Amino acid sequence: MNRPLQWRSFSNHAFHEASFDIRTAAQPTALPYSSLGHAETTMYTVARTSAIFRAQVTRTAATTSHLRARRHRMWSVELEKDHKFKSPSEIIDPAMIDRLLEESKEKAKDRPLVREILAKARERAQLRGVPRGEDEHEYVQGLDLADAAVLLNIDTQDPASKPILDELQATALDIKRQIYGNRIVLFAPLYLANYCVNSCTYCAFRGQNKHIGRSALTKDQLVAEVEALQKLGHRRLLVLTGEHPKYTFDQFLDALHTIKGVETKPCGKIRRLNVEIPALSVSDFRRLKATDCVGTYTLFQETYDPRVYKRYHPSGPKSDYGHRLLTMDRAQTAGIDDVGIGALFGLTDYKSEVMGLLQHAHHLDKTYHAGPHTISIPRLQPADSAPDAIAPPSPVNDDDFRKLVAVLRCAVPYTGMILSTRESADMRRELLNMGISQMSAGSKTDVGSYHKEKMQADENHTQVDGGAKSLEQFQLQDHRSVDEIIGELIGDGFLPSFCTACYRKNRTGEAFMKIAKTGKIQDFCHPNSLLTLQEYLIDYASPETRVAGEQLIDKESKTISENAQRALKRKLDKVKAGERDLFF
Ligand code: SF4
């Protein structure tokens, strides 16, 4: 009884330890409350009552050890049981989707009707005179499901459809210009580990793939990886990992702090970390939020059709359709208010997937007054030992893919749309003119590949299982460098942007939506884009890109009000004088 009891919180990778004296039941020290699980907090409270103390310690020690065991088996454990969400079937209604798509088949041949819908889409994305919906937060409503279904049913293989498809694409481009201007936000994916217990039939990282090399970045490798990305000019990363007890959520949180601390001259640190990681519980979302370094949480539903979901996700935690669908509700509940959704095109009928994305977006908008911050539209590409990636069950041809991008842009004008290097350079160039507002650049999807030479030299310290080299998650189609992409964007009249200001100015969630839906994000984004481009040109650009970029900055600076021009010039001059990370 005289021995101080050791307290351990297992909720951090490096265990927090604290001790207290049982005779006085003094508060444990150095034990951050936010890192405590439910069992530990229960223990923390009752420990003061000495009469029942021994029994509590015995019971809670067992609970804590049980919790630890669960944490080792599961990537994320829910410690808050009292949240109530809609049922998945209230959010995604496959019968309604089927009915709307069926009913609109004939309507899609009615050209005047299609033109009416396009006019409506254009009108609703107008900056002035937009009718507000019943909900005062709906500044720009986009299209409803029935209208979107009509556009989706335009037959791209009928030569007679070409003029109306051209009109659809022109409408999408106009809407994009109205809301986003000519900016294209650039980022890079950063894979931390490729261990995974799931069984997604389209992914090389799935647990059943026995001949892939499994690896996780060590801390030194992670630092080298981030330094390599910084030297390419990147300021915004999408951090990813698979779901496996060999790379836990606690390790992931540690990695975020490591990334945040890496700094290379001249431009400095990564300024926005978006994450694409397995579904989390509300309690773990709170821990993610507490890092204070995460912008958008992204998770793809992959397929919104609950009738086939299990076929592509036969086992593992991800096989639970409803739990995955409610992930964004849990994120919002925990205060992560910028969320990114997506569907993997090629698994089922693309029209149904777009309708599923729209139902999900409408649910988030209605419930949390913040629709998805981004929508991603990955299309299946071949992947090692992944049967449904090698032979996609419902392949989407290029014409339909262009159309679905344009339909999404018309239907959800306020949401950023992301395109990855899964698509070819040519296709990416085309889709920028139909609605895409963000794209990855210079991407690698195998662990450690941004600093590969160093990683090979460090072979003894690399956590690679199985002796094989790690492989990429899927085949990339666009292998251009960051500088090439920036040079081409500038040549095509786009404004490349590394801006991360909104997140750091608390313009997130509903606050961001209010600005986006009233078409005002340009007021901030345009000058901020020019500032980040100026940094890139000075610090990292090739001589050709620098010349073209300077001309672009000069031209684009003149498109804003005189007051704004003066303020921008002051900041541009400071950047040229060596200051960094300036924004409005
Ligand atoms: S898609 Fe994600 S969850 Fe599925 S096997 Fe690949 S890494 Fe694992």
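The rules behind these values
Residues numbered from 1 in each chain as written. Predicted model: local features only at pLDDT ≥ 70, side-chain atom pairs only at ≥ 80, totals over all residues. Heavy atoms only, no water. Helix = DSSP H or I, 4+ residues; strand = E, 2+ residues; numbered from the N terminus. Buried < 20%, exposed > 50% of the residue type's maximum accessible area, 1.4 Å probe, protein only. Contact = heavy atoms within 4.5 Å. Areas by Shrake-Rupley, 256 points an atom, 1.4 Å probe, with all protein chains shown as cover. Axes fitted to C-alpha atoms, helices over the stretch in contact; angles between N-to-C directions. Parallel < 35°, antiparallel > 145°, perpendicular 65-115°, else oblique. Left-handed = near helix turned anticlockwise from the far one by under 90°. Salt bridge = Lys/Arg side-chain N within 4 Å of Asp/Glu carboxyl O. Expected span 1.5 Å × (residues − 1). Phe/Tyr/Trp six-rings, centres within 6.5 Å; stacked < 30°, edge-to-face > 60°. Pairing = 2+ DSSP bridges. Right-handed = clockwise from strand over helix to strand, strands pointing away. Near = heavy atom within 4 Å. Nonpolar A, V, L, I, M, F, W, Y, C, P; charged D, E, K, R; others polar. Core = buried A, V, L, I, M, F, W, Y, C linked by side-chain atoms within 4.5 Å. pLDDT = per-residue confidence, 0-100. Arc of directions from axis to C-beta.

1. A look at the overall build of the protein chain
Right, on to step 1. A tally of helices and strands in the protein chain yields 24 helices and 15 strands.
Right, on to step 2. By residue count, 59% of the 584 residues in the protein chain fall in the buried class.
Right, on to step 3. When contacts within the protein chain are restricted to residue pairs at least 6 apart in sequence, long-range pairs at least 24 apart make up 75% of them.
Right, on to step 4. Accessible surface computed for the protein chain: about 24,000 Å², of which carbon and sulfur atoms make up 51%.

2. Let's talk about the environment of A290
Right, on to step 1. You can see A290 is positioned in helix α10 (residues 282-290).
Right, on to step 2. Given the relative accessible area of 56%, A290 is considered exposed.
Right, on to step 3. Separated by 37 residues in the primary sequence, A290 and L253 have C-alpha atoms spaced 9.9 Å apart.

3. Brief notes about the packing of helix α6 (residues 145-152) against helix α14 (residues 350-368)
Helix-helix packing is described using two parameters, namely the angle between the two axes and the distance between the axes.
Right, on to step 1. The N-to-C vectors of α6 and α14 enclose an angle of 155°; their axes lie 10 Å apart at closest approach. By the criterion of interaxial angle, the relationship of α6 to α14 is roughly antiparallel. The element α6 and its partner α14 pack so that their crossing is right-handed. Note on element contacts: α14 touches α6 through Y350, K351, V354, M355, L358, Q359 and H362, opposite L145, A148, A149 and L152.

4. Description of the pattern of salt bridges
Right, on to step 1. Counting across every chain of the model gives 34 salt bridges.
Right, on to step 2. A salt bridge links R286 to E80; the nearest nitrogen and oxygen atoms lie 2.6 Å apart. With R286 in helix α10 and E80 in the loop between α2 (53-73) and α3 (88-91), this pair connects stretches of sequence that are 206 residues apart.
Right, on to step 3. You can call R286 partly exposed: its relative accessible area is 33%.
Right, on to step 4. The partner of D166 in a salt bridge is K162, with the nearest N and O atoms 2.8 Å apart. One end of the pair is D166 and the other is K162, both in helix α7 (residues 162-180) and 4 residues apart, which spans about a single turn.

5. Some remarks on helix α9 (residues 249-261)
Right, on to step 1. For α9, which comprises 13 residues, the first-to-last C-alpha distance of 19 Å matches the rise-based estimate of 18 Å (1.5 Å per residue) to within 8%.
Right, on to step 2. For α9, the full list of buried residues reads F249, D250, Q251, F252, L253, A255, L256, T258 and I259.

6. Some remarks on the side chain of Q438
Right, on to step 1. Tracing the chain through its elements places Q438 in strand β13 (residues 438-440).
Right, on to step 2. Those residues in contact with Q438, other than ones at most four positions away along the chain, are V185, F187, R236, T374, M417, I418 and L419.

7. Examining the packing of aromatic side chains
How two aromatic rings sit relative to each other is set out by the distance from centre to centre and by the angle between their planes.
Right, on to step 1. Under the criterion given, the structure shown has 9 aromatic pairs.
Right, on to step 2. Measuring from centroid to centroid gives 6.3 Å for W75 and F252, while their planes differ by 55°, and the two rings are tilted. Separated by 177 residues along the polypeptide, W75 in the loop between α2 and α3 and F252 in helix α9 bring together distant segments of the chain.
Right, on to step 3. Their ring planes at 80° and their centres at 5.2 Å tell us that Y309 and Y321 sit as a pair that is edge-to-face. Here Y309, found in helix α11 (residues 306-312), pairs with Y321, found in helix α12 (residues 321-325); they are 12 residues apart in sequence, far enough to count as distant. Of the two residues, Y309 and Y321, both sit in the buried class.

8. Topic: the pairing of strand β3 (residues 183-193)
Right, on to step 1. Across the 11 residues that make up β3, a large majority, 11, are buried.
Right, on to step 2. Both β3 and strand β15 (residues 495-497) contribute to a ladder of 3 bridges, which runs parallel. Bridge assignment links V185 to a residue of β15, and that residue is S497.
Right, on to step 3. As judged from the 5 bridges shared by β3 and strand β5 (residues 236-241), these two strands associate in the parallel manner.

9. Notes on the pairing of strand β8 (residues 272-276)
Looking along a regular strand, one sees the side chains alternate between the two faces of the sheet.
Right, on to step 1. Of all 5 residues that make up β8, 5 are buried, and the element is covered over most of its length.
Right, on to step 2. Of the two faces of β8, the one carrying R272, N274 and E276 and the one carrying L273 and V275 are both buried.
Right, on to step 3. Traced from β8 through α10 to strand β9 (residues 294-298), the parallel crossover comes out right-handed.

10. Description of the site of the ligand
Right, on to step 1. As a structural note, the neighbourhood of the ligand is formed by C196, N198, C200, C203, F205, R206, K318 and Q473.
Right, on to step 2. Residues belonging to the shell around the ligand are distributed by class as follows: 4 nonpolar, 2 polar and 2 charged.

11. Some words on the nonpolar core
Right, on to step 1. Ranked by size, the top nonpolar core spans 155 residues in total, and within it F252, L256, L288, I377, L404 and L408 carry the most contacts.
Right, on to step 2. In contact with L408, not counting residues within four places along its chain, are V354, L357, L358, I375, I377 and M417.

12. Quick word on the environment of A193
Right, on to step 1. Secondary-structure assignment places A193 in strand β3.
Right, on to step 2. Its relative accessible area of 0% is what places A193 among the buried residues.
Right, on to step 3. Setting aside its immediate chain neighbours within four residues, A193 contacts S215, A216, L240, T241, G242, Y247 and V447.

13. Observations concerning the packing of α7 against helix α16 (residues 398-411)
Right, on to step 1. Running from N to C, α7 and α16 cross one another at 45°; their axes reach a closest spacing of 9 Å. Judged on the interaxial angle alone, α16 and α7 are oblique. For α7 against α16, the interelement crossing comes out left-handed. Residues L165, L168, Q169, T171, A172, I175, K176 and Y180 of α7 touch α16, and the partners they reach there are R402, K403, A406, V407, R409 and C410.
Right, on to step 2. Residues that form the contact of α7 with α16 fall into these classes: 8 nonpolar, 2 polar and 4 charged.

14. Regarding the confidence of the model for the protein chain
Right, on to step 1. Of all residues in the protein chain, 80% attain a pLDDT of 70 or more, and the chain-wide mean is 83.
Right, on to step 2. Every residue in residues 1-61 scores below 50 in pLDDT, and together they form 95 contacts with partners more than four places removed in sequence or on other chains.

15. Observations concerning helix α23 (residues 543-557)
Right, on to step 1. For α23, built from 15 residues, the straight-helix expectation of 21 Å at 1.5 Å per residue is met to within 8% by its first-to-last C-alpha distance of 21 Å.
Right, on to step 2. T545, G549, L552, I553, E556 and S557 are the residues of α23 that are buried. Each buried residue of α23 sits inside an arc of 120° when the element is viewed along its axis, so together they form one side. Set apart from the buried face of α23 by more than 90 degrees, the exposed residues are P543, E544, V547, Q551 and K555.

16. Some thoughts on the environment of D254
Right, on to step 1. By the secondary structure assignment, D254 is in helix α9.
Right, on to step 2. Once the C-alpha coordinates of D254 and T291 are considered, the two residues, 37 residues apart in sequence, prove to be 9.4 Å apart.

17. Side note on unusual backbone geometry
Right, on to step 1. Looking along the chain, the bond that leaves K265 and enters P266 is cis, with omega of 5°.
Right, on to step 2. Topologically, P266 is positioned in the loop between β6 (263-264) and β7 (268-269).
Right, on to step 3. The phi dihedral of D292 falls on the positive side, at around 60°, and the residue is not glycine.
Right, on to step 4. Position of D292 among the secondary structure elements: in the loop between α10 and β9.

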